[in-house]
Amino acid sequence: MGPKKASGKDQGQKAHVRMTIEEKQEIVWKHENGTSVFELCRQYNKATSTICTILKKKNEIMGAKVAKGVRTITKQRPQILEEVEKLLLIWIHDKELRGDSVSEAIICEKARVLHDDLLKNTPATSDADTKEFKASRGWFEKFRRSGIHSVTRHGEAASSDKPAAGRFIEEFKEFAKAEGYLPQQVFNCDETGLFWKRMPKRTYITKEEKSLPGHKPMKDRFTLVLCSNASGDLKIKPLLVYHSENPRVFKQYKVQKTHLCVMWKANKKAWVTRLIFSEWVNEVVCPAIEKYLQEKHLPLKAMLLLDNAPAHAPGLEDDLLPRYNKFLTVKFLPPNTTPLIQPMNQKIIANFKKLYERALFRKCFEVTEATNLTLKEFWKHHFNICSALKLVDKAWQDVTQRTLISGWRKLWPECVRQLDFEGFEPVNDAPIVEEIVTLGQQMGLELDGDDVEEFVEEHNEELTTEELQALQQEQQDNAADDSTVEEDEAVANVPSAVIKKVCQMWEEIQTIVEKTHPEKAVVGRCLNHFNDNVMPYYRDSLRRRKKQASMDRFVVRKSSSEPQPGPSGTQIKRARESTPERSSLPVIMEADSPSKQ
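## A short note on the overall build of the protein chain
For the protein chain, the helix and strand inventory stands at 28 helices and 6 strands. By residue count, 44% of the 597 residues in the protein chain fall in the buried class. Look at the contacts in the protein chain between residues 6 or more apart in sequence, and 77% of them connect residues 24 or more apart. As displayed, the protein chain has an accessible area near 31,500 Å², and 52% of this comes from carbon and sulfur atoms.

## Structural notes on the environment of Leu-404
Tracing the backbone shows Leu-404 in helix α18 (residues 401-406). Using a relative accessible area of 0% as the deciding quantity, one classes Leu-404 as buried. Distance from Leu-404 to Asp-233, taken between C-alpha atoms, is 8.5 Å for residues 171 residues apart in sequence.

## A closer look at the packing of aromatic side chains
Following the criterion strictly, the structure yields 12 aromatic pairs and no others. A ring pair is formed by Trp-408 and Trp-412, whose centres lie 6.2 Å apart and whose planes are at 65 degrees; its orientation type is edge-to-face. By the ring-pair criterion, three or more aromatic residues cluster together here, those being Phe-168, Phe-172, Trp-408 and Trp-412. A cation over an aromatic ring shows up here: Lys-301 above the ring of Tyr-181, its NZ or CZ 5.0 Å from the ring centre. The residue whose ring lies beneath Lys-331 is Phe-175, and the NZ or CZ to ring-centre distance is 4.4 Å.

## A short note on the nonpolar core
Grouped together as the largest cluster of nonpolar side chains are 47 residues, with contacts concentrated most on Phe-222, Tyr-356 and Phe-383. For this core, the secondary-structure elements that each account for two or more residues are β2 (221-229), β3 (239-242), α11 (248-253), α15 (348-370), α16 (375-381), α17 (385-398) and α20 (430-442). Residue contributions to this core peak at 10 residues, all from α15. Once you skip the residues sitting within four places of it in the chain, Tyr-356 turns out to touch Leu-194, Trp-196, Phe-383, Ala-388, Leu-391, Val-392 and Ala-395. Core analysis: the next-biggest nonpolar cluster, separate from the first, contains 30 residues, Val-241, Met-263, Val-281 and Tyr-292 among them.

Cut-off values and rules
- Residues numbered from 1 in each chain as written.
- Predicted model: local features only at pLDDT ≥ 70, side-chain atom pairs only at ≥ 80, totals over all residues.
- Heavy atoms only, no water.
- Helix = DSSP H or I, 4+ residues; strand = E, 2+ residues; numbered from the N terminus.
- Buried < 20%, exposed > 50% of the residue type's maximum accessible area, 1.4 Å probe, protein only.
- Contact = heavy atoms within 4.5 Å.
- Areas by Shrake-Rupley, 256 points an atom, 1.4 Å probe, with all protein chains shown as cover.
- Phe/Tyr/Trp six-rings, centres within 6.5 Å; stacked < 30°, edge-to-face > 60°.
- Lys NZ or Arg CZ within 6 Å of the ring centre and 35° of its normal.
- Core = buried A, V, L, I, M, F, W, Y, C linked by side-chain atoms within 4.5 Å.

Nothing here speaks to function; it is geometry throughout.
Below, the structure is given as structure tokens:
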């Protein structure tokens, strides 16, 4: 056997060294400022093909934000995908508010639609944004951890299940009879979304909303939970969840939230979480029921009927305080039966929304008649969330006992017959609609009964991509108002690296537990509870710090008047030798470098 051939290194040949991302960014910058490919090859001692490949990938290279010395660009998450997932979470919540179940297949299809719509309406910022989005199983698994609590994992989401509804009606009848429940002791609640600053489409305010300078579309919404008993003589104080803990108008008028007509809660997506729902049941619902039953000299015994919304997870009774757990029984409707037998869904919520709209038109009419304000001026500058809360209270008080009783006619017809001996007729909303139309026409609006009915139905229509974006913008704007709150002292001194480690470890724990623990339902409840109520504290802290760091870098970049040292002495020397007149490059790269924060 002949002697072993010496390697290139053994022969003294120089090993191939890959260029850093900063060097590639420097090459792109120089080329865009007039340096030829030939000259770049000479300066960097690289082949023409190498330089051309770098220039071909210039968008990806210039968009990369990496530390000094990094030689490869890790796969970066497309910005458009981030936007798709944010809008998708809002869309899923909207479906849940209407009692619609969603499957993995439906979510993935909606994600593809949102991606296509965003591509059409916004210019792509990188090559990754324009790639086909397949909404794969792997993507869905990662997305599911970001906020989905309940989803049908396989196949299409079921439509209304009439057989299950029929079986539950008989089951409920027997249970109520066996346990001796009276209509006064049986309660039902349901969630609904309300666009509090929205009018029927043909009113001129709605027509002009997009053309008014600096005026945001009227898509702002909060989530309400309404609750009453089957006898219709006890209305519970509603739960309201908004995406701002302290709206600017609260600070302006020094609003005390404990004195509001609703229990005010907030999270960034205006969602009812299990923790928020449990607090409302413990602090509002149970005390009101207890007081009511004592005043009526009825046995301290009650039932709360719920649908299977994410916030109403099985095991809710475990969240009740011991004194309330003894007398309140929680019973759940079967999946996909909400439109059929959920009492609040049987025109009670629709009636409430019409009453809200009537109260809104009355308020507009009174203001325009009694003051010099035009309708547009009042709507734009004087109608705020505090005004809307007063209208919510007025509308809820105006829901009649007959309307509340009528909601039980499908699930518990014996209750309706027991409470109404003269024969029960369906709720007639026509007078409410007529008054809304009359008020609108007196204010010079083009309005008819169909517009009002359409307006109520709009709350149940699927939101378009543009409407989802408008809702997201409203949430971001209000979150910005709240972001001025300083970090809690408990986490202020914890390094960002430690908080990042906490988030990473939590993701790892979730994955392991989901794969290995046999009690999937228990695991789901616990993980959701932790995700909703513990992890946002750390994630928000990281987000605030990242935002502050970005602002600091921006201020430094704007205030710099002298040329700053670049990524490395060698690179800046090359840049100045070839293009000495462009001394701003090092400043930009200095500001974008994480190692200089």
